[in-house]
Amino acid sequence: MPVTGTFSVFLKLSERSLGPLGLFGGTFDPVHFGHLRLAEEAIDQLALEDVRWIPAGQPAHRGPPRVSAGQRLAMVRLAVAGNPGFSVDAAEVEATVPSYTVPTLERLRAELGVDRPLVLLLGADALAGLESWYRWRELFALTHIAVSHRPGFPVAATALPPALAEEFAARQRDDAAALRVASAGSIVAFEMTQLAISATQIRQLQAAGRSARYLLPDKVLDYIQTHSLYRNS
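Residues numbered from 1 in each chain as written. Predicted model: local features only at pLDDT ≥ 70, side-chain atom pairs only at ≥ 80, totals over all residues. Heavy atoms only, no water.

## Focus: helix H5 (residues 101-112)
Here H5 contains 12 residues, and its C-alpha end-to-end distance of 16 Å stays within 8% of the 16 Å for a straight helix at 1.5 Å per residue. Along H5, the residues that are buried comprise Val102, Thr104, Leu105, Leu108 and Arg109. In an axial view of H5, the angular spread of the buried residues amounts to 155°, which keeps them on one side of the axis. A positive phi of about 95° marks Gly113, the residue just after H5. (Helix = DSSP H or I, 4+ residues; strand = E, 2+ residues; numbered from the N terminus. Expected span 1.5 Å × (residues − 1). Buried < 20%, exposed > 50% of the residue type's maximum accessible area, 1.4 Å probe, protein only. Arc of directions from axis to C-beta.)

## So, the sheet that holds strand E2 (residues 50-55)
Pairing between the strands of a sheet comes from backbone hydrogen bonds, and it takes one of two forms, parallel or antiparallel. Strand order in the open sheet formed by 6 strands is E3-E2-E1-E4-E5-E6, with parallel pairing between adjacent strands. A single partner strand is all that each edge strand has here, and the edge strands are strand E3 (86-88) and strand E6 (187-191). Across the sheet, the mean angle separating the axes of adjacent strands is 30° when strand polarity is ignored. When strand E5 (residues 144-149) meets E6, the two strands line up parallel, connected through 5 bridges. (Pairing = 2+ DSSP bridges. Axes fitted to C-alpha atoms, helices over the stretch in contact; angles between N-to-C directions.)

## Regarding the packing of aromatic side chains
Tallied over the entire structure, the rule returns 6 aromatic pairs. Aromatic side chains Phe24 and Trp53 sit 4.9 Å apart centroid to centroid with 55° between the ring planes, which places their arrangement in the tilted category. You can see Phe24 sitting in strand E1 (residues 21-26) and its partner Trp53 sitting in strand E2, a full 29 residues away along the chain. Grouping residues by exposure puts Phe24 and Trp53 together as buried. Note on Trp136 and Phe140: the rings are 6.3 Å apart at their centroids and 80° apart in plane angle, and the pair reads as edge-to-face. Look at Phe140 and you get buried, because its relative accessible area is 3%. One aromatic cluster is present, formed by Phe24, Phe28, Trp53 and Phe86 through successive ring pairs. (Phe/Tyr/Trp six-rings, centres within 6.5 Å; stacked < 30°, edge-to-face > 60°.)

Nothing here speaks to function; it is all geometry.
Right, here's the structure in full:
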């Protein structure tokens, strides 16, 4: 007998809630179209249900951002507004301790449960430096990893440090369907349209009084200009 009515709606929502959830962390100083395109293509190519943006409050692996955590959070919210496939997690911005990926994933596991597939979105350059991350080997028990790369330049184990190359070779999967089979543990790669945009470039343009329009959403650029962000003092 077909399932109908209220129970059918509940079942569909329940099934949907278990779909792969993309996780996109970063300083987003500021967020720009390169970030947005990566998240959008990840949803499309990896069949993610959603991408949760997680701005870092106090990044542990780099110097302090140019603007406050609250301002970076505000810019991310402006950038993703109107896209039903994007959501924003403010917990790291609101925390009083530095942001590390494994504790963040542990927090999300406590919230979402052990069965929900989580997919951490990284660029190829971030993957290459993964061994420097806090408790990096524990990542694979908590999440899948999806690595974006330039078209025609796939990620190769030979380009990675030995310990990471070993993990990559053991966990790499060619089919994004692997992200649904288990809740964590696989590495997949996906091609991303290359946009020659960087947050550094945008900050430099703003500091020099030059236009950054069409490198980031107008709402974000308006916020930067309204609050006089990234200007040289």
